[in-house]
Amino acid sequence: MDAPHHASTRQAAIVLGAIALTAALFKLTFAPPLSAGPYTLRMSPIIHANVAAALSGHWTALLLPFAYEGSRNFWATTAIFPMYFSENILGPYGSYIFWSTLFLVVSFICAYICVNSLTFVATLTFMFAFGTQLHYVYTYGNLVALYLVLTYIAVNLTVAYLFLVGRIHGVGAVAAFAITLAVTALSNEMWINYATALLAGGLFACLWAHRHALPMMRARSLALFCATFFVLVAYLAIRLRLVSEYLHPGSEEELVITYRHKMLLIDDLIVNFFTLLYMVIDNYFPSFVSSSNSLTYLGTDTILAEQNGFEPAFQNLIIMNHLFLWRFYAGVMVAAFIAFAAFVGWRAWREPSRRSAALAGLCLMIMAGFSTHLSIKMRYYNSVPALPYKVIISVSLFTILIAYLLAACSNHFHSRRVYRATVAAVWACVLLAALTRPAMYDRLLAQVHLEGFSDPMGQIMQFLR
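Conventions used here
- Residues numbered from 1 in each chain as written.
- Predicted model: local features only at pLDDT ≥ 70, side-chain atom pairs only at ≥ 80, totals over all residues.
- Heavy atoms only, no water.
- Helix = DSSP H or I, 4+ residues; strand = E, 2+ residues; numbered from the N terminus.
- Buried < 20%, exposed > 50% of the residue type's maximum accessible area, 1.4 Å probe, protein only.
- Axes fitted to C-alpha atoms, helices over the stretch in contact; angles between N-to-C directions.
- Parallel < 35°, antiparallel > 145°, perpendicular 65-115°, else oblique.
- Left-handed = near helix turned anticlockwise from the far one by under 90°.
- Contact = heavy atoms within 4.5 Å.
- Nonpolar A, V, L, I, M, F, W, Y, C, P; charged D, E, K, R; others polar.
- 1 Å grid on protein atoms, 1.4 Å probe; cavity = no way out; pocket = protein on both sides within 12 Å on 5 of 7 lines; lining within 4 Å.
- Points joined across faces, edges and corners; volume = space filled by probe spheres on them.
- Core = buried A, V, L, I, M, F, W, Y, C linked by side-chain atoms within 4.5 Å.
- Disulfide = S-S within 2.5 Å.

Visitor: Tell me about the environment of N116, residues and numbers included.
Guide: Assignment of secondary structure puts N116 in the loop between helix 3 (77-114) and helix 4 (118-130). Given the relative accessible area of 27%, N116 is considered partly exposed. Along the primary structure N116 and V165 are separated by 49 residues, whereas in three dimensions their C-alpha atoms are 14 Å apart.

Next comes the structure, spelled out in structure tokens:
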């Protein structure tokens, strides 16, 4: 990529420090009190107790799939130890700030190593810092671990990129990729989404390189594809021995393959795809272009009162209208994204442009990055797009896509002032989303009997009053 603004190490350090410090202050200012919910920023008590019991006895049990919550088994070897000890030593707030800041620092450094563009690196880090994709951490503190998972992914993706472009070579580079991927695999089951994204991107890179007679690129892509496939198969060979929660009738994670009527499977896959991809695309937009403003800012009581008593037996449908208003936006955004992916894919297939190939590959990886949640039966809480942590892998890849596009389009602006204004507008949109989206999430979650505890814009307005 042609870097529009090469960054010196000193400039980069200043930008990183400013973003990381501002993000930490933002989180501390608008984080709810620990009394807000039983799991606010904390590991769930049953997991904490089971880990403590294992550490006092047979700690080696934590190296393999372990029953952290009753019959629910997870394989979190490379995450559970850091998360458990950090919460005990630093406390919930300290652990949250530490891991979220570490992710920002590692992401910035990795991006800086890959692309020496201040626009790309700063935009990427700013979006990660203020995105609301992990907003639900204030309700369910176990999600703090995803910051560590994303840190592992940042390192692994950097190794993959450096190998693909030929900046590192040989068996050692492939081994480094496989080892960092294995560390990622043993951190959280969300890694399977990352693995499917890598497989999709690697396969596309192989086909693209073969199409344009680029043997070195084809060989490197194939090596990464095979390494990913090998790690995934090795992981599943052990993990699939304990999958009862995914096949048990009525379990939360029950897979669509257990449907007796395949028509239900097809409908669920369609709904899941649109919902999950919309949560990815919409993540950095302010709340007022993402849902019913009436539901967010007025509430259900006001909406019903304004109906003046007309047909009270059917007024629940009025609320449903506002609750599902987001689906109109979802149809437009998903269609636009698929059209963009098809366009860059067509260009990449016709010409050996690495930029078009990178864009097409990222689009494919984004759509493959929520594969596990795509295959789970429709659940009532997924009727609202308020749990973006479920698509955290795709959101992270989408963030790379936006930062890449913003940096790459620099040469298309005749005026540097207009370009800087465009970058500033993107940053402002991200910040406005950080202030307004949490309240929207909270209102939507309330409609499906879940809770959210953060409202930055509401806190600001209350302070100003």
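Back to the text.
Visitor: Tell me about the packing of helix 10 (residues 262-282) against helix 17 (residues 392-408), and name the residues and values.
Guide: Look at helix 10 against helix 17: their axes get within 9 Å of each other, and the N-to-C directions meet at 40 degrees. Put simply, helix 10 runs oblique to helix 17. The interaxial crossing formed by helix 10 with helix 17 has right-handed handedness. Listed contacts from helix 17 to M279, V280 and I281 of helix 10 are S394, V395 and F398. Tallied by class, residues from the contact of helix 10 with helix 17 come to 5 nonpolar, 1 polar and no charged.

Visitor: Describe the layout of surface pockets, listing the residues and the values that go with them.
Guide: Taken as a whole, the second largest pocket spans an internal volume of roughly 1,100 Å³. Lining the second largest pocket are 44 residues; nearest its centre among them are L157, Y161, L164, A358 and L362. Every element with two or more residues in the lining of the second largest pocket is listed here: helix 3, helix 4, helix 5 (145-164), helix 7 (191-211), helix 8 (215-239), helix 15 (354-368) and helix 17. Classifying every residue of the lining of the second largest pocket by side-chain character gives 34 nonpolar, 8 polar and 2 charged.

Visitor: Which residues make up the nonpolar core, and what values go with them?
Guide: Formed by 130 residues in total, the largest nonpolar core has its most connected members in F120 and W191. Here the element with the most residues in this core is helix 3; it accounts for 12 residues.

Visitor: Which residues make up the state of the cysteines, and what are the values?
Guide: Throughout the structure, instances matching the rule amount to 0 disulfides. C226 takes part in no disulfide bond, and the closest cysteine sulfur to it belongs to C206, at a distance of 7.5 Å. C409 carries a free sulfur, and the closest cysteine sulfur to it, the one in C363, is 15 Å from it.

Visitor: I'd like a description of empty space enclosed by the protein, backed by residues and values.
Guide: Throughout the structure, instances matching the rule amount to 1 cavity of 30 Å³ or more. There is about 240 Å³ of room inside the largest cavity. Lining the largest cavity are 22 residues, and of these K27, Y96, G131, T132 and Y138 sit closest to its centre. Elements supplying a minimum of two residues to the lining of the largest cavity: helix 1 (9-30), helix 3, helix 4, helix 5 and helix 18 (416-447). Broken down by class, the residue content of the lining of the largest cavity amounts to 16 nonpolar, 5 polar and 1 charged.

Visitor: So, the packing of helix 1 against helix 3: which residues are in play, and what are the values?
Guide: At a minimum axis distance of 10 Å, the contact between helix 1 and helix 3 shows a crossing angle of 155 degrees. Here helix 1 is positioned roughly antiparallel relative to helix 3, judged by the angle of their axes. Judged by the twist between their axes, the crossing of helix 1 over helix 3 is right-handed. Counted together, T9, A12, V15, L16, A20, A23, A24, K27 and L28 of helix 1 and Y96, I97, S100, T101, L104, V105, F108 and Y112 of helix 3 form the full contact between these two elements.

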